[in-house]
Structure formats: C-alpha cells, structure tokens
Amino acid sequence: MSKATLRRMYDSNFVTRIFSGDGIDIGGFPDPLSLYLEFFPLVKSLKIWDLNDGDAQFMEGIKDESFNFVVSSHCLEHLRDPKQGITNWFRILKPMGYLVITVPDEDLYEQGTWPSNKNYDHKSTFTIHKKKSWSQKSHNILELLISLGESAEIKKVELIDRTHRYNFPKFDQTITPFSESAIELIVRKKTSEELRNLTNQTVDPEFKSSDLNRYLNQYTSDQITLRETSRNKPPFQDESNIN
C-alpha cells in the first residue's frame with residue numbers, strides 16, 4: 001500500500017472522490033491504508049479485514065452495500081476463486097462507491113513461471129487482457145470486471161509499470177523500494193437511477209448549486225458570445241504581425 005500511496009496522494013480522484021466516507025481495506029495487514037489517512041482527509045472510518053476476520057472470498061458477516069469504498073492490495077491472487085471474491089467485494093460496496101484493487105501483473109511479476117517462485121501462496125495470475133497466457137491460472141481483468149454486471153462502471157484499468165525496469169534479468173522487482181509490477185483497477189458502482197436512465201452520472205441530491213449557478217451561467221454566456229463573434233470570422237486565420 002505504501003508504494004501505491006505515493007502515486008495516489010497526488011491524484012485528485014483518490015483524494016477528493018475515491019477515498020471518501022467509510023471504507024474497508026481487504027487483506028490490509030501489514031501495510032494498511034490506515035497508516036496513510038493523513039493524505040486522504042475525507043475518509044471517515046476504515047475497517048481492516050484480514051485472515052482473522054474470515055475468508056476474503058466470501059466476506060461473511062458483511063452486509064450488502066456497507067461501504068463507500070473497498071480497497072484491496074495484493075489479496076485477490078491469494079483467493080481460490082478470484083471471480084467469487086471480487087463479486088463479494090462489489091456486493092458490499094454502496095452505490096456511488098468505488099472498488100480499488102491492485103494485483104500483480106503476471107508478466108511483470110511471475111515472469112513466465114507457474115507455480116509462482118516469487119510467492120508460493122499465489123493461486124492465480126492476472127493480465128489486463130490476453131487471448132492466451134502461459135499461466136494455467138491466468139485471469140483477464142476485463143472479463144472479471146464485465147462479470148460484475150451493468151452496475152459496474154469501469155473507471156480505470158492500468159498497468160503500473162512506470163518504475164519497472166524491462167532491461168533487468170528475471171527478478172522480483174517488487175522487493176526494491178519503488179517498483180510495483182502491478183495492475184490497478186477502479187470500478188464505481190452505479191445507482192439504481194443511473195441504471196434506469198442508462199447513464200453514468202447521478203446528481204448528488206444534497207448538492208447546493210445556487211452559488212454556483214452564476215458562474216455556470218456566465219460560462220454559458222461567454223461561449224455564446226464567442227460563437228456569435230466568430231460566426232463571420234473563422235478562428236486561427238489572422239497571421240498579421242503582433243502589435
């Protein structure tokens with residue numbers, strides 16, 4: 001989690017939208033998100049779920065739609081059935097909430113060897129999408145996300161390889177101070193209204209827009225003025241000298 005925090009703390013989506021409200025960190029120990037909450041001030045509470053709490057594949061005892069965000073770093077690959085696991089993680093997420101998962105990328109981490117010789121407890125490998133894989137236990141992330149159904153709005157699927165050194169020999173680069181060799185995915189849970197209207201956005205009923213209207217209306221007015229002004233004068237045509 002610490003390496004991911006270095007990325008996320010500079011991403012306004014994590015600071016102002018994703019890590020907000022009540023959350024749960026699945027498989028959090030020994031490096032839970034709770035160690036870094038000063039960088040995510042909108043988090044109200046965070047529950048850490050680990051081995052002593054039960055099997056993360058089932059999340060027994062956790063009611064449906066309990067949390068505003070569900071985060072898990074390098075836990076899904078330890079489950080016997082990742083599809084069932086991610087389904088239950090999505091189940092406990094509230095509408096408008098975010099599911100954030102990080103898993104090892106099979107080519108950057110396992111590097112063509114299965115069973116894994118980097119972590120003997122790994123039960124699956126993951127790739128964003130392949131028709132074929134060298135791993136007998138490979139899972140396509142896109143297929144897993146699609147299996148969550150219509151209420152799953154895929155916000156991001158990214159290969160985190162910015163600090164991966166492709167010129168290295170086969171080596172577990174995650175034991176270095178900064179390499180992640182991972183895939184990060186973010187899914188937002190749609191509301192019932194969004195599903196009815198076939199949209200990906202719901203207006204917050206508690207949002208007070210009266211103070212904002214004057215600015216939005218001015219933006220609209222400015223655009224109308226610009227269009228009217230340039231109607232008979234196409235843009236980017238004036239090549240005269242600058243005064």
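Read on for a plain summary of the structure.

The rules behind the values
- Residues numbered from 1 in each chain as written.
- Predicted model: local features only at pLDDT ≥ 70, side-chain atom pairs only at ≥ 80, totals over all residues.
- Heavy atoms only, no water.
- Helix = DSSP H or I, 4+ residues; strand = E, 2+ residues; numbered from the N terminus.
- Contact = heavy atoms within 4.5 Å.
- Pairing = 2+ DSSP bridges.
- Axes fitted to C-alpha atoms, helices over the stretch in contact; angles between N-to-C directions.
- Salt bridge = Lys/Arg side-chain N within 4 Å of Asp/Glu carboxyl O.
- Buried < 20%, exposed > 50% of the residue type's maximum accessible area, 1.4 Å probe, protein only.
- Polar contact = N/O pair within 3.5 Å; in protein donor to acceptor, adjacent residues only side chain to side chain.

Description of the side chain of threonine 127
At step 1: Residue placement: threonine 127 occurs in strand E5 (residues 125-127).
At step 2: Leaving out residues up to four positions away in the same chain, threonine 127 has contacts with Asp105, Glu106, Ser138, His139, Asn140, Ile141 and Ile183.

What about the sheet that holds strand E7 (residues 152-160)?
At step 1: Strand order in the open sheet made by the six strands is E2-E1-E3-E4-E8-E7, with mixed pairing throughout. The sheet is open, and its two edges are formed by strand E2 (43-49) and E7, each paired on a single side. For this sheet, the mean angle separating the axes of adjacent strands, direction not counted, is 15°.
At step 2: Summarising the sheet, E7 and strand E8 (residues 182-189) pair through eight bridges and their orientation is antiparallel. Counterpart to glutamate 153 in the pairing with E8 is arginine 188.
At step 3: Along the sheet face, helix H3 (residues 82-91) touches strand E1 (21-26), strand E3 (67-73), strand E4 (93-104), E7 and E8 and points at about 145° away from the line of E4.

Here's the deal with the pattern of salt bridges
When their charged atoms lie close together, side chains carrying opposite charge are able to pair.
At step 1: Across all of its chains, the model carries 14 salt bridges by this definition.
At step 2: Salt-bridge contacts for lysine 130 lead to aspartate 107; the nearest nitrogen and oxygen are separated by 2.9 Å. Remark: aspartate 107 occurs in the loop between E4 and E5 and lysine 130 occurs in the loop between E5 and strand E6 (138-140); sequence separation between them is 23 residues.
At step 3: Here glutamate 158 ties to arginine 162 by a salt bridge, and the two come within 2.7 Å at their closest N and O atoms.
At step 4: A relative accessible area of 54% places arginine 162 in the exposed class.
At step 5: If you follow the salt bridges from partner to partner, you end up with Arg7, Arg8, Lys156, Glu158, Arg162, Glu180 and Glu184 in one network.

Digging into the environment of lysine 118
At step 1: Looking at where lysine 118 falls in the secondary structure, it is placed in the loop between E4 and E5.
At step 2: Owing to a relative accessible area of 23%, lysine 118 belongs among the partly exposed residues under this scheme.
At step 3: Separated by 102 residues in sequence, lysine 118 and threonine 16 place their C-alpha atoms 35 Å apart.
At step 4: Non-local contacts of lysine 118, meaning those with residues more than four positions away in its chain, are made with Tyr109, Glu110, Gln111, Phe171 and Asp172.
At step 5: Engagement of the side chain of lysine 118 in a polar contact is seen with the side chain of asparagine 117, the distance being 3.0 Å.

Some thoughts on unusual backbone geometry
Outside of glycine, negative phi angles account for most residues, and trans bonds account for most peptide bonds.
At step 1: Of note, the amide linkage connecting phenylalanine 29 to proline 30 takes the cis form, showing an omega dihedral of 5°.
At step 2: Mapped onto the fold, proline 30 is located in the loop between E1 and E2.
At step 3: Cis geometry is found at the peptide bond from tryptophan 114 to proline 115, where omega equals 0°.
At step 4: Residue position: proline 115 is located in the loop between E4 and E5.
At step 5: Of note, methionine 59 is a non-glycine position whose phi angle comes to about 50°, a positive value.

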